[in-house]
Amino acid sequence: MFYAHSANSQGRCQPLVEHLTQVAELARSFAEPFGAGDLAYLAGLLHDLGKYGYLFQRRLQGKESGIDHWSAGAWRALTQYRMEGIAPALAIQGHHVGLQQASPDSLRALDPKKLQVRHPMGLRLSEANPDLLVERMRADGLEFIGAQDALKSLCAAANAPCAAGMLDVRMLYSALVDADFSDTAAHFKEMAGGEPSYREPSSPLQPRYVFAHLQSYIEDLAAGSTASSQINCLRRELLESCLKAACSPPGVFTLTAPTGTGKTLAMLAFALRHAAEHDLRRIILVIPYLNIIEQTAEEYRKALAQCAECGDISGYILEHHSLAGNRASDRPDENTDMEDEGQRRRQALAENWNAPIVVTTSVQFLESLFASRSAACRKLHNIAKSVILFDEVQTLPASLAVATLATLSRVAERFGSSVVFATATQPAFTHLDRSVKQYCALGWQPREIAPSELNLFARAKRTEIQWPEMTQTTSWPLLAEQVAGEPQVLCIVNLKRHALHLYDELNQLGVEGLFHLSTNMCPAHRQATLKEVRGRLSQGNPCRLISTQCVEAGVDIDFPTVYRALGPLDAIAQAAGRCNRNGHAESGAVHVFAPEDEAFPDGAYRQAADVTRILLQRYGRHLDIQDPELFDEYYRTLYDFAGTDHGKKVLMDAMKGRNFSEVATLYRVIDNGTINVLVPYGRNDRDPGFEDLKNEVKRTGLKKEWTRKARPYAVGLFRPSPSDPVNSYLEPIPAGGRSSSEDWFIYLDKGHYDSRKGLVLPASSDCLIA
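All residue numbers here refer to positions counted from 1 along the written sequence of the relevant chain. The predicted nature of this model means local features are confined to residues of pLDDT at least 70 and side-chain atom pairs, given and counted, to a pLDDT of 80 or more, with totals for whole chains, interfaces and linings taken over all residues. The side-chain quantities take in all heavy atoms of the structure and omit both hydrogens and water.

Chemist: Can you help me understand the overall build of the protein chain in this one?
Modeler: Helix and strand counts for the protein chain come out as 30 helices and 23 strands. Atoms considered for the radius of gyration are the C-alpha atoms alone. The globule rule reads 2.2 Å times the number of residues to the power 0.38. Relative to the globule expectation of 27 Å for 770 residues, the C-alpha radius of gyration of the protein chain, 28 Å, shows essentially globular dimensions. Here the C-alpha coordinates of the protein chain stretch approximately 85 × 60 × 50 Å along the principal axes. In the protein chain, which comprises 770 residues, the share counted as buried stands at 57%. Residue exposure ignores everything except the shown protein chains as possible cover, and the areas themselves are Shrake-Rupley values with a 1.4 Å probe. Within the structure as shown, the protein chain displays about 31,100 Å² of accessible surface, and the carbon and sulfur contribution to it stands at 47%. Taking the average location of the 81 positive side-chain charges in the protein chain and that of its 91 negative ones, the two points are 3 Å from each other. For the purposes of this entry, the term helix denotes a DSSP run of H or I that reaches at least four residues, the term strand denotes a run of E that reaches at least two, and both are numbered from the N terminus. Accessible area is worked out with a 1.4 Å probe on protein chains only. A residue is then buried under 20% of its type maximum, exposed over 50%, and partly exposed in between. All tallies of charge rest on Lys and Arg as positive and Asp and Glu as negative; His and the ends of each chain are not included. The location of each charge is read from NZ of Lys, CZ of Arg, CG of Asp or CD of Glu.

Structure follows, in C-alpha cells:
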C-alpha cells in the first residue's frame, strides 16, 4: 500500500488513495460555486501523484529526503489535457512551492526528463518513469476525467487577458490547497476509531433574516439619534437608495456619499439584501485602516448581537487583521498558543475566510488577490459569490490602480461576486477603463448606488471652506495664535514634525486643553487621547487638538472649527468631515493654510497636493469640495500626472509575463520596510502595558497571542540604517531558540516616550515615518 502521510496520534498512516480521493472531492466542492468543480477534482487527483514513487515512501519512513512529489502530477495534467491542463498543472506544481510562471519555457521545464538531469531546487524525482506512477494510481482504482469538455471552465486562463487569466489560476489553486490542507489536518487530528476530524461548516449568511433584524436596529438608531433632522433625513434617503440598488444584478458598484450620512450601516444593508436577492454566500468588508476596522466590526457586532440567526456572533463576523490575533499559520498542523477553543475556531476561520461576514484590511485582501503562496491564496475561493465592500477606496495607491481594478473586475465577471467602492471622495477610476480592458475584458464601468438627483453633497454641506491666496503662506507662530483664539479647534498638518512644532508653539502660549495626536503615539495612547478629547468637546470645555492625517479617516469626532494644511484634495475633504459632523451648528469653519516651510510625506502626496494647487488656481476660492464632479476632475488630473494609465511598469510587465511569484513580490499596498517597536507607554501603575508585555515576551519568545496584545502598545518605524543612533535603543525580541525577530523590537529608553507626544527619537535619527 502507498501512503500519503505518516502516522497520526492514533498510529494510523493515511493511504494515498484515501488522501487523493478526499482532496479531489473537497476541491470540487470548493470550486463548484464558480463552475470549475471538475477541473479542481482533476487537480486534487493528480496533486500528489508523485507519492506513488518508492523514494517518497522511503521518505515517509525517514530513509530519504529532498524528494519532489508534485512535478509528476503537473506534467501529467499538461501532457494529457494540453491547454485545458495548464491551470491545474500550475496549481499542482504550486501546492508546495508556490505558483510559478505560466510561460511555455516554465511549463516545458516540468518535463521529468529535464528534471532528472537538473532539478532547479536540487531535488530528486520520486520516480523517473511517470507512466509507472499512473499505473500504480489506476491500480488503486483511481481514474482521470475523460471528457475534456468538462474541463474547459478555466482553460481560457492561458489566453485570457493576463489579470483575468492569473486570477482564474489562483482561484483553482486556492480550492486545491484549501482541500489539501483540510484533509491533511483532518488526518493528523483523527479521533479514535479512524474518523477524520474535519472542521465544522461555518454558519450560513441567512441574509433575509439578518437584514430584517438590521433594518429594525437602524430604525431604533434613527429614533434615538441626536443628529440634526436634516442629517437624519439624508441617512434615511441613502439607505433607501442602497436597498433599491441591491435588487440590481451583481457586478461593480460605487457608493459616493458625504461623511456622516450613515454609509457604514447602509453598506451592510445593501450587502445583505443583495445577497438575499442573488443567493450570494458571504459579505467581505475591506478597510484600509486598523482603527476603522475595529470600530466598524464593533458596530456590526452591536447591530447583529441580538439576531438569533447569527448564532455565535464571534463566528458570524470574522475580523482578520493583525490586531485580531487570528493570523493563519502556514501549516495546517502547526501547534498554536491559542488561549481557548473560541480563539482556535477564529484562527481556523481566518485561514480560509469560511465565515458569513469577514472584516479585513486592504493589505490582507488585495495582496492575497495577487499572492502566489498557499497560505495567502487558500482563502481566495471563498470570495466567489460574495458581496465585497471597499470603504475609503481613495486610499488605493495610484500605481496599483489598473492592476487592482482589472483583477476585481474579473472577480465580478467570472466569479459571480459584486464589488462596491464606497467613499466620500470617489476616484475617477472609470477614466482608466480603456487601460483596464487590456488586462480584463470587462474593463471598469461601475454603477452608482446613490443617484445624483438626491444632491447628497449639496444638502449635506455643513461647513464653509476658506482657501488661502495662491502666494499666501502662514508662519507657525501666526498659526498658533489663530488656533489659540478658538476654544474648540482641530488643526491637521502634513508631517509629524510640523505637528510637534505647532504643539510646542501653543504650549509656550499656555493654552488650555491642548492635545497632540500622531502615529508617534501607540494605538492605546491615541485612543486614550481621543477619549479625553471627546469628553472635553461634549462638556463644552476648551479643546485644541493638533494632529497629523491619522485623525482624518474613520475617527468619529466633531469640532466646530478645523484648520487643515494644504494637501491632497481628498485629505482636505476628510478633514472637513471632522467639522460640524452632526450638523448641530448652522455651519462649521474649515481654514486651509499653506505652511511657510511646506513639506510632504512623500512624492505621491506632494503630487496630489500640487493637483489641489492647480484646481485652486483654476477656481480660486470658489473651489467646492462638496461637488463630486470636482473630485472626478481632481483624480483625472492626478492620474494623468502620475501616469496611472500604464500602472507600475515592472508589475504590469510581470503580469503580462504571467509570472506569479514576481507579481506577488511587486504588488505591495504598503511598503514593507518598517518595523514594530514596543514602546514604554502605560498610563498608570494599574495599566503597565509595556512592562508586562516586555517581561512576557522575554520569557516566552514571540508568539501570535503576544503580538495581538502588543499591537496597541507598538509604534511603527522605518527600518533604521546601521549607522542610525536609534539602534542603540532597540532590543530585538526573541523569536524562539537562539534567533531574534527582524520585525519586532523593544524600545529601551523610557525617557524618549513623552506622555503627550509619544515617541520622540534622537534628533539625528531618520527612521520616524513622516
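Chemist: How should I be thinking about the sheet that holds strand 6 (residues 282–287) in this particular structure?
Modeler: Two strands in a sheet stick together by hydrogen bonds in their backbones, pointing the same way (parallel) or opposite ways (antiparallel). Ordered in space as 7-8-6-9-10-5-11, the 7 strands form an open sheet in which the pairing is parallel. The strands lining the two open edges of the sheet, one partner per strand, are strand 7 (317–320) and strand 11 (447–448). Across 2 bridges, the pairing between strand 5 (residues 252–256) and strand 11 is parallel. Residue pairing for strand 11: F253 is matched across the bridge by R447. Strand pairing follows a simple DSSP-based rule, namely that at least 2 bridges must link the two strands.

Chemist: Any chance you could explain the packing of aromatic side chains here in plain terms?
Modeler: Two measures describe an aromatic ring pair: the distance that separates the ring centres and the angle between the ring planes. Two rings belonging to Phe, Tyr or Trp (six-membered ring only in the last case) form a pair when the distance between their centres is within 6.5 Å. Interplanar angles under 30 degrees mark stacking, angles over 60 mark edge-to-face geometry, and anything in between is tilted. Across all of its chains, the model carries 19 aromatic pairs by this definition. Judged by centre distance (5.4 Å) and plane angle (70°), the ring pair of F253 and F270 falls under edge-to-face. Note that F253 is positioned in strand 5 and F270 in helix 12 (residues 263–278), a separation of 17 residues in sequence. With a centroid separation of 5.2 Å and an interplanar angle of 70°, the aromatic rings of F390 and F421 are classed as edge-to-face. In this pair, F390 is assigned in strand 9 (residues 386–391) and F421 in strand 10 (residues 418–423), connecting sequence segments 31 residues apart. Here the two residues F390 and F421 agree in accessibility, since each one is buried. Three or more aromatic residues joined by ring pairs make a cluster, and in this case those are W353, F365, F390, F421, F429, W444, F631, Y634, Y635 and Y639. Here the guanidinium or amino end of R28 rests over the ring plane of Y41, the centre of that ring lying 4.1 Å away. Placement of a positive charge over a ring is assigned whenever Lys NZ or Arg CZ falls within 6 Å of the ring centre and within 35 degrees of the normal to the ring plane. Positioned above the aromatic ring of W353, the side-chain terminus of K379 is 5.4 Å from the ring centre.

Chemist: How do you make sense of the nonpolar core when you look at a structure like this?
Modeler: Looking at soluble globular proteins, one finds that nonpolar side chains tend to be buried together. In terms of nonpolar packing, the biggest core is built from 169 residues, with F365, L369, F390, F429 and M655 touching the most fellow members. If you tally residues by element for this core, the top one is helix 9 (residues 162–188), at 13 residues. Throughout, a contact is declared for two residues whenever any of their heavy atoms are within 4.5 Å. Not counting chain neighbours up to four residues away, the residues in contact with F429 comprise V393, L396, A401, L405, F421, W444 and Y639. Only buried Ala, Val, Leu, Ile, Met, Phe, Trp, Tyr and Cys residues count toward a nonpolar core, and they belong to the same one when joined by side-chain atoms within 4.5 Å. Grouped together as the second largest cluster of nonpolar side chains are 54 residues, L304, Y316, I357 and V420 included.

Chemist: How do you make sense of the sheet that holds strand 17 (residues 588–593) when you look at a structure like this?
Modeler: Read from one edge to the other, the open sheet built from 6 strands follows the order 12-17-16-13-15-14, with strand pairing classed as parallel. Of all the strands in the sheet, the pair left with one neighbour each is strand 12 (463–466) and strand 14 (514–517). Averaged over neighbouring strand pairs, the angle between their axes works out to 15° when direction is ignored. Across 5 bridges, the pairing between strand 13 (residues 488–492) and strand 15 (residues 543–547) is parallel. Paired with I492 across the bridge in strand 15 is S547. Think of each axis as a best-fit line through the C-alpha atoms, taken over the contacting stretch in the case of a helix, with angles from 0 to 180 degrees between the N-to-C directions. Taken strand by strand, helix 22 (residues 496–509) contacts strand 13, strand 14 and strand 15, and its axis lies near 170° from that of strand 14.

Chemist: Explain helix 13 (residues 290–304) to me, please; I cannot follow it from the model alone.
Modeler: The span one expects for a helix is its residue count, reduced by one, times 1.5 Å. The end-to-end C-alpha separation of helix 13 is 21 Å, in line with the 21 Å expected for 15 residues at 1.5 Å each. Residues of helix 13 that are buried: I292, I293, T296, A297, Y300, A303 and L304. Each buried residue of helix 13 lies within a common arc of 125° when the element is viewed along its axis, so the set occupies one face. Tucked into the core, helix 13 has its buried residues touching helix 10 (207–223), helix 12, strand 6, helix 14 (313–316), strand 7 and strand 8 (357–361). Note that the arc is computed from the directions linking the helix axis to the C-beta atoms.

Chemist: Please clarify how the side chain of S126 should be interpreted in this entry.
Modeler: Examined against the element boundaries, S126 turns out to sit in the loop between strand 4 (124–125) and helix 8 (130–139). A polar side-chain atom of S126 sits 2.4 Å from the main-chain carbonyl oxygen of G50. Between N or O atoms, a polar contact is any pair within 3.5 Å; within protein, one atom must be a potential hydrogen donor and the other a potential acceptor, and residues adjacent in sequence are included only when both atoms are from side chains.

Chemist: Help me understand the environment of E469 in this model?
Modeler: Residue position: E469 is located in the loop between strand 12 and helix 21 (476–484). Put simply, E469 and G620 are 151 residues apart on the chain and 8.0 Å apart in space, counted from C-alpha to C-alpha. Among the polar contacts listed, one links the side chain of E469 to the side chain of R621, at a separation of 3.2 Å.

Chemist: What should I look at first to understand the pairing of strand 8 in this one?
Modeler: Successive residues of a regular strand alternate their side chains across the two faces of the sheet. Counted residue by residue, strand 8 has 5 buried out of 5 residues, so it is predominantly covered. Neither face of strand 8 is open: one carries I357, V359 and T361, the other V358 and T360, and all of them are buried. Two elements, strand 6 and strand 8, share 5 bridges in a ladder whose sense is parallel. Residue pairing across strands places I283 opposite I357, the latter belonging to strand 8. As judged from the 4 bridges shared by strand 7 and strand 8, these two strands associate in the parallel manner. Paired with E319 across the two strands is V359, which belongs to strand 8.

The values reported here are purely geometric and, on their own, carry no functional implication.
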